[in-house]
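# Residue-level structure breakdown
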Amino acid sequence: MPRKTKNAVTTLIDAVSDASVAIAGEMTTPSPATKTRKRRTSIPKSNKPSALEPSVSAASIRAASEKPIAGKLGAIATAVSTPRGATIGELTETTGWQPHTVRAALTRLRQRGIDAKLTTIDDRRVYRVAGGAA
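The next point concerns the overall build of the protein chain. Looking only at helices and strands, one finds six helices and two strands in the protein chain. Secondary structure of the protein chain in N-to-C order comes out as α-α-α-α-α-α-β-β. Looking at the 134 residues of the protein chain, the share that counts as buried comes to 17%. For the protein chain, contacts bridging at least 24 residues in sequence account for 52% of all contacts bridging at least 6. Just so you have it, the protein chain exposes about 11,000 Å², and 58% of that area is on carbon and sulfur atoms.

Here it is as structure tokens:
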């Protein structure tokens, strides 16, 4: 004959199973905030800038390249544009920079259109612009 009273262990098991069912039910039920939340709309493709479209006009590039170079980079540009050219030692004395920094500045000059190349003149390794002028 089954007992009508539950012992403490079965009462605890029933309570835990009821609680887990209630928690599982809460997890699957979406909250009201998620129901009313709108999704972000993406920008139409026609308004996105294309990777092929230039962001800077050709006129502004020409204007930037026509400006005289000032500062220490300008001093390097002047030194390498002479027919005699300039050695790396002379450029480091002029600027106070280390040799690797002067070489990086020469790269910046090349990016601006001044093609300073390393050549040998009278047993001197000098940087100079082909043709002698920038």
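Moving on, there is more to tell.
Okay, the pairing of strand β2 (residues 124-129) next. Of the pairings in the sheet, the one linking strand β1 (residues 116-121) to β2 comprises six bridges and is antiparallel in character. Its bridge partner being in β2, K117 is matched across the sheet by R128. Adjacent in sequence and paired antiparallel, β1 and β2 are bridged by two residues, among which D122 carries a positive phi angle near 50 degrees.

All right, on to the nonpolar core then. I76, V80, L91, L106 and L109 are the most contacted members of the largest nonpolar core, which has 15 residues in total. Excluding its chain neighbours within four sequence positions, the residues that come into contact with L109 are I69, L73, I76, A77, V80 and I114.

A few words on the side chain of T95. One can find T95 in helix α5 (residues 88-95). Filtering out sequence-adjacent residues up to four positions away, T95 remains in contact with K72, I76 and V102.

For α5, the set of buried residues is L91, T92 and T95. Axial view of α5: buried residues confined to an arc of 100 degrees, hence all on one face. The elements touched by buried residues of α5 are α4 (71-81), α6 (99-111) and β2. Phi turns positive one or two residues past the end of α5, at G96, with a value near 80 degrees.

Rules of the game
- The written sequence of each chain sets the order in which its residues are numbered from 1.
- Totals for whole chains, interfaces and linings use all residues, but because this is a predicted model, local features are given only for residues with pLDDT of at least 70 and pairs of side-chain atoms are given and counted only at 80 or more.
- Excluded from the side-chain calculations are hydrogens and water; all other atoms, namely the structure's heavy atoms, are used.
- Labels follow the DSSP assignment, with helices taken as runs of H or I lasting at least four residues and strands as runs of E lasting at least two, numbered in each case from the N terminus.
- Note on classification: 1.4 Å probe, protein chains only; a residue is buried when its accessible area is under 20% of the maximum for its type, exposed when over 50%, partly exposed between these limits.
- Here, two residues are considered to be in contact whenever any of their heavy atoms come within 4.5 Å of each other.
- Accessible surface area values rest on a Shrake-Rupley calculation with a 1.4 Å probe, where residue burial reflects the displayed protein chains alone.
- For two strands to count as paired, DSSP must find a minimum of two bridges between them.
- For the purposes of this section, nonpolar cores are sets of buried Ala, Val, Leu, Ile, Met, Phe, Trp, Tyr and Cys residues that join through side-chain atoms within 4.5 Å.
- Taken from the helix axis, the directions to the C-beta atoms give the arc we talk about.

Keep in mind these values describe shape, not function.
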